[in-house]
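So you can see what is in the structure, the chains are spelled out below.
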Amino acid sequence: MEAPIENDLCLRIRRSEQALMAHHEAVLRTYGLTMTQYTVLLFLSREGGMSGAQLARSCGVTQQSMSSVLTTMETKELIRRETSPVHAKVQIATLTDEGRTLLDRAYQEVVVLERALTEAFTPSEHAALCELLERATTVLVQQTRQRTSGAGH
């Protein structure tokens, strides 16, 4: 217990993440979307068709959870799923027109926070913060891999 608790980077990162999630969830709730559903729409708009496994990895959820999310989204007609031309057992999800329209509407509100955060920093501070967050994320991922692979016990 060397450093005072207010210097604990993990707690600061967690607090920022909680504030970000609370904001996004409040905005997305008005569109009938969860954070995971919004993220799926965002990835599909940027990447095109993706499998459930790819989306699960991209969104940081299990394949079982993603399967449920995609079923709900398909029922809401936000996505469509078709059999992959490469693998008969793989379903590829793509955006429907309804999904794209909903994403565009929700994104207009989500981007307000992104702009406010960007404006809170000078351009050099913004670039430095992005680089520092990437570096922190790399360390967090490495530490997680070490713990889950059995190293470091």
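Here, the structure is the one placed above.
Note that the structure is predicted; figures quoted are calculated from it, not measured.

Parameters at a glance
- Residues numbered from 1 in each chain as written.
- Predicted model: local features only at pLDDT ≥ 70, side-chain atom pairs only at ≥ 80, totals over all residues.
- Heavy atoms only, no water.
- Helix = DSSP H or I, 4+ residues; strand = E, 2+ residues; numbered from the N terminus.
- Contact = heavy atoms within 4.5 Å.
- Lys, Arg positive; Asp, Glu negative; His and termini not counted.
- Charge placed at Lys NZ, Arg CZ, Asp CG, Glu CD.
- Pairing = 2+ DSSP bridges.
- Axes fitted to C-alpha atoms, helices over the stretch in contact; angles between N-to-C directions.
- 1 Å grid on protein atoms, 1.4 Å probe; cavity = no way out; pocket = protein on both sides within 12 Å on 5 of 7 lines; lining within 4 Å.
- Points joined across faces, edges and corners; volume = space filled by probe spheres on them.
- Nonpolar A, V, L, I, M, F, W, Y, C, P; charged D, E, K, R; others polar.
- Buried < 20%, exposed > 50% of the residue type's maximum accessible area, 1.4 Å probe, protein only.
- Parallel < 35°, antiparallel > 145°, perpendicular 65-115°, else oblique.
- Patch = residues over 30% accessible without salt bridge, like charges linked within 9 Å, V, L, I, M, F, W, Y side chains within 5 Å.
- Areas by Shrake-Rupley, 256 points an atom, 1.4 Å probe, with all protein chains shown as cover.
- Salt bridge = Lys/Arg side-chain N within 4 Å of Asp/Glu carboxyl O.

### Structural notes on the overall build of the protein chain
Scanning the protein chain from terminus to terminus reveals six helices and three strands. Walking the protein chain from its N terminus toward its C terminus, one meets helices and strands in the order α-α-β-α-α-β-β-α-α. Of the contacts formed within the protein chain by residues at least 6 apart in sequence, a portion of 49% connects residues at least 24 apart. Considering the protein chain, the positive charge centre built from 16 side chains and the negative charge centre built from 18 side chains are found 5 Å apart.

### Structural notes on the pairing of strand β3 (residues 91–95)
Taken together, the two bridges between strand β1 (residues 50–51) and β3 define a ladder with antiparallel strand orientation. Counted as the bridge partner of Met-50 is Ala-93 from β3. Bridging between strand β2 (residues 79–83) and β3 involves five bridges; their strand directions are antiparallel. Each residue of the ladder has a partner; that of Thr-83, found in β3, is Gln-91.

### Quick word on the sheet that holds β1
One open sheet holds the three strands; their spatial order is β1-β3-β2, and the pairing between them is antiparallel. The sheet is open, and its two edges are formed by β1 and β2, each paired on a single side. Sheet contacts for helix α2 (residues 35–47): β1, β2 and β3; angle to β3, the most-contacted strand, approximately 90°.

### Looking at the layout of surface pockets
When its volume is computed, the largest pocket comes out at roughly 2100 Å³. In terms of lining residues, the largest pocket is bounded by 41 residues, among which Ser-16, Glu-17, Leu-20, Leu-133 and Thr-137 are the most central. Secondary structure elements with two or more residues in the lining of the largest pocket: α1 (9–29), α2, α3 (52–59), α5 (97–119) and α6 (123–148). Here the lining of the largest pocket is composed, by residue class, of 25 nonpolar, nine polar and seven charged.

### Things to note about the side chain of Gln-37
Along the polypeptide, Gln-37 turns up in helix α2. A relative accessible area of 6% places Gln-37 in the buried class. Once you skip the residues sitting within four places of it in the chain, Gln-37 turns out to touch Gly-32, Val-69, Thr-72, Met-73 and Lys-76.

### Observations concerning the packing of α2 against helix α4 (residues 63–75)
Running from N to C, α2 and α4 point in directions that differ by 75°, and their axes come no closer than 10 Å. For the element pair α2 / α4, the angle class is roughly perpendicular. Packed against α2, whose contacting residues are Thr-36, Gln-37, Val-40 and Leu-41, the element α4 presents Met-66, Val-69, Leu-70, Thr-72 and Met-73 at the interface.

### Remarks on a nonpolar patch on the surface
Together, Leu-117, Phe-121, Leu-129 and Leu-133 line one region of the surface with nonpolar side chains, adding up to about 310 Å² of accessible area. Of note, Leu-129 is situated in helix α6. The partly exposed category is assigned to Leu-129, whose relative accessible area is 32%.

### So, unusual backbone geometry
A positive phi angle, close to 65°, is found at Glu-77, a residue other than glycine. One can find Glu-77 in the loop between α4 and β2.

Worth remembering: the numbers are spatial, not functional.
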